[in-house]
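Descriptive structure summary
The primary structure of each chain is shown beneath.
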Amino acid sequence: MSKGTGECSNRAVAPNTHTFHLSIGECAVTLEDVALILGLPTDGLPVTGMTMSSFEALEAECLHQFGVALRKSDCRGSCIKLTWLRDLKENLHLTGEIGIQRYVKCHIMLLIGTILFGDKSGAGVHWKFLPLLREFGSIIQYSWGSACLAHLYRALCWASRVDCKEIDGPLTLLLGWAWIRLPYLSPVPREPRSFPLANMWRNWERGDRRYRYMKLADFRKAFDEFQEGEFVWVAYAVDRMDPNIIPAEIYMHSVVWSATVPLVSFECIEWHATDRYRRQFGFIQGVPHEERNLDKAHGEVLTDPKNLNWAMAPTHYSWVMHWKNRYRHILSELPMPSQHPLDTYMHWYRGKFGNRLILSNLVGEENDEGNQDLD
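The residue count restarts for each chain, going from 1 along the sequence in the order it is written. A pLDDT threshold of at least 70 governs which residues receive local features in this predicted model, and a stricter bar of 80 or more applies before side-chain atom pairs are shown or counted, although totals over entire chains, interfaces and linings include all residues. As a rule here, side-chain values cover all heavy atoms of the structure and leave hydrogens and water aside.

**Details of the overall build of the protein**
Helix and strand assignments come from DSSP, with helices taken as H or I runs of at least 4 residues and strands as E runs of at least 2, each series counted from the N terminus. Each helix and strand in the protein was counted, giving twelve helices and nine strands. Taking the contacts inside the protein whose residues are at least 6 apart along the sequence as the reference set, 72% of them involve residues at least 24 apart. As displayed, the protein has an accessible area near 18,000 Å², and 53% of this comes from carbon and sulfur atoms. Here a residue-residue contact requires only that any non-hydrogen atoms of the pair lie within 4.5 Å. Per-residue and other accessible areas were derived by the Shrake-Rupley procedure at a 1.4 Å probe size, with only the shown protein chains allowed to occlude residues.

**Side note on the sheet that holds strand β4 (residues 75–76)**
Any two strands between which DSSP finds at least two bridges are classified as paired. Spatially, the three strands line up as an open sheet ordered β4-β5-β6, and their pairing is antiparallel. Whereas interior strands pair on both sides, the edge strands pair on one side only; in this sheet they are β4 and β6 (124–126). Pairing between β4 and strand β5 (residues 79–81): two bridges, direction antiparallel. Bridge assignment links arginine 76 to a residue of β5, and that residue is cysteine 79.

**Description of the pattern of salt bridges**
Where charged atoms from two side chains of opposite charge come close, those side chains can pair. A pair is scored as a salt bridge if a Lys or Arg side-chain nitrogen falls within 4 Å of a carboxyl oxygen belonging to Asp or Glu. Per the stated rule, a full pass over the model turns up 13 salt bridges. A salt bridge links arginine 181 to glutamate 32; its shortest N-O distance comes to 3.9 Å. Taken as a pair, arginine 181 in helix α6 (residues 171–181) and glutamate 32 in helix α1 (residues 31–38) lie far apart in primary sequence, 149 residues in all. Comparing arginine 181 with glutamate 32, the two get one shared label, buried. With its nearest N and O atoms 3.6 Å apart, the salt bridge here joins glutamate 333 to arginine 278. Of this pair, glutamate 333 sits in the loop between α10 (317–324) and α11 (341–353) while arginine 278 sits in the loop between β8 (268–272) and β9 (308–309), and the two are 55 residues apart along the sequence. One network of salt bridges, in which partners are shared, links Glu32, Asp33 and Arg181. When accessible area is computed with a 1.4 Å probe and restricted to protein chains, residues below 20% of their type maximum are described as buried, those above 50% as exposed, and intermediate ones as partly exposed.

**Brief notes about the pairing of β8**
Looking along a regular strand, one sees the side chains alternate between the two faces of the sheet. With five of five residues buried, β8 is to be regarded as a mostly interior element. With burial as the criterion, each face of β8 is covered, one bearing Cys268, Glu270 and His272 and the other bearing Ile269 and Trp271. Note that strand β7 (residues 261–265) and β8 share five bridges and pair antiparallel. Across the sheet, residue proline 262 finds its bridge partner in β8, namely tryptophan 271. From the end of β7 to the start of β8, which pair antiparallel, there are two residues, and phenylalanine 266 there has a positive phi angle of about 55°.

**Let's talk about the packing of aromatic side chains**
Centres within 6.5 Å make a pair out of two Phe, Tyr or Trp rings, where for Trp the six-membered ring is used; the pair is then stacked when the planes are under 30 degrees apart, edge-to-face when over 60, and tilted otherwise. Under the defined criterion, the tally for this structure stands at 17 aromatic pairs. Here phenylalanine 129 and phenylalanine 266 contribute two aromatic rings whose centre-to-centre distance is 5.5 Å and whose plane-to-plane angle is 85°, an arrangement assigned as edge-to-face. Of this pair, phenylalanine 129 sits in the loop between β6 and α5 (144–159) while phenylalanine 266 is found in the loop between β7 and β8, placing the two residues 137 residues apart along the sequence. Residue classification places phenylalanine 129 among the buried residues on the basis of a relative accessible area of 2%. Through a chain of ring-to-ring contacts, three or more aromatic side chains come together here, namely Phe20, Trp177, Phe231 and Trp233. Over the ring of tyrosine 327 we find arginine 326; its NZ or CZ atom is 5.0 Å from the centre of that ring. Charge over a ring is defined by NZ of Lys or CZ of Arg lying within 6 Å of the ring centre and within 35 degrees of the ring normal.

**Here's the deal with the side chain of serine 78**
Note that serine 78 resides in the loop between β4 and β5. For serine 78, a relative accessible area of 18% gives the class buried.

**A few points about α10**
Among the residues of α10, Trp319, Val320, His322 and Trp323 are the ones counted as buried. The buried residues of α10 occupy an angular sector of 155° when the element is viewed end-on, so they sit on one face. In the core, the buried residues of α10 are packed alongside α1, α5, β7 and β8. Working definition: the arc comes from the directions between the helix axis and the C-beta atoms, pointing outward to the latter.

**A word on the confidence of the model for the protein**
Across the chain, each position has a pLDDT score giving the predictor's confidence in that residue, from 0 to 100. Per-residue confidence for the protein gives a mean pLDDT of 85, with 88% of residues at or over 70. Confidence, read as mean pLDDT per element, is least for helix α12 (residues 368–371) in the protein (39) and greatest for α1 (97). Below pLDDT 50 for its whole length, residues 1–15 participates in 51 contacts with residues either more than four positions away or in separate chains. Here residues 356–375 scores under 50 on pLDDT; set against residues more than four positions off or in separate chains, the count is 51 contacts.

**Here we look at the nonpolar core**
We define a nonpolar core as any set of buried Ala, Val, Leu, Ile, Met, Phe, Trp, Tyr and Cys residues linked to one another through side-chain atoms lying within 4.5 Å. Ranked by internal contacts, the top residues of the largest apolar core, which has 99 residues, are Ile80, Leu85 and Trp144. Here the element with the most residues in this core is α5; it accounts for ten residues. Beyond its immediate stretch of four places on either side in the chain, leucine 85 contacts Phe66, Ile80, Cys106, Met109, Leu110 and Val125.

**Observations regarding α6**
Burial of α6 is extensive: eight of the eleven residues sit out of reach of the surface. All buried positions along α6 are accounted for by Leu173, Leu174, Gly176, Trp177, Ala178, Trp179, Ile180 and Arg181. Against β1 (20–22), β2 (25–27), α1, α5 and α7 (209–212) lie the buried residues of α6.

Right, here's the structure in full:
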């Protein structure tokens, strides 16, 4: 696996593809993978809005949604400590609709702070997500899947730096993708008919003792011996996946899975470059467009408190609107393909990136010291 365009610059103007480079072409985690591996809604409103630095505003939001006002000691900057949310969840009374809704909102915030948008600290969750939960019936209307994927792309971007020794973000999604697309690297699934598909490997370490003792060198050797045909381009076809285990509402969002669009999550904007891995959607691959430059929207971080509506911010507004017009950017079959379009693509690909398997810094040689922490 490899990251797309070399080391991700910390400059906001650096264009990136966030793809992995294999000897057979580019591939990536997509909205389709998010929907099926994590079961998240992918079509819907962008996950964006206000970020505020006021503790009083946070206190009022918690009082409104949970019926409890947290203390300053329950926060880390603009983050709510996960310990406070866990304690709150354990002590909520599920005696009526309000109590049940508070419990579900608390559970969602814990999922956001761990599996979906977790950071390296593993200690808190930014409260910017909380206002999106105010209207209980509207929570499902947001594209949580695209926001989650944006955070994965950003995590891969940062992890590719030579001085980075750890990776955060939705790693359950990344591992599930790798095990589905590259099954020869996967432990034996314990629950093969589970949904979301990530549950197939729940408690896998209890059954696959061989996999538990595999080392980084074993995975490098597997990549060195990678053969064409070992990457599964169309991973969720009926001959590979029983469609009866996938809820119908998941497929209702499938229209946007191939859209070439920005992925939006407040300050985080990343590009879903589906034209570079068309084969994952069953299309013929041609030479892709140039990498999209997200300009100043790429690389924005919330290291300092920002009182800002990201949906209307000058750096982000056009990308938010692009997402809202996502149906215009869905992949279709190439018009009048050349006689050998894949040959044309591979000639371009090898000319640009080299005819070899490039390993990402996640399993690469130049970042050995840091990756020992990931074993």
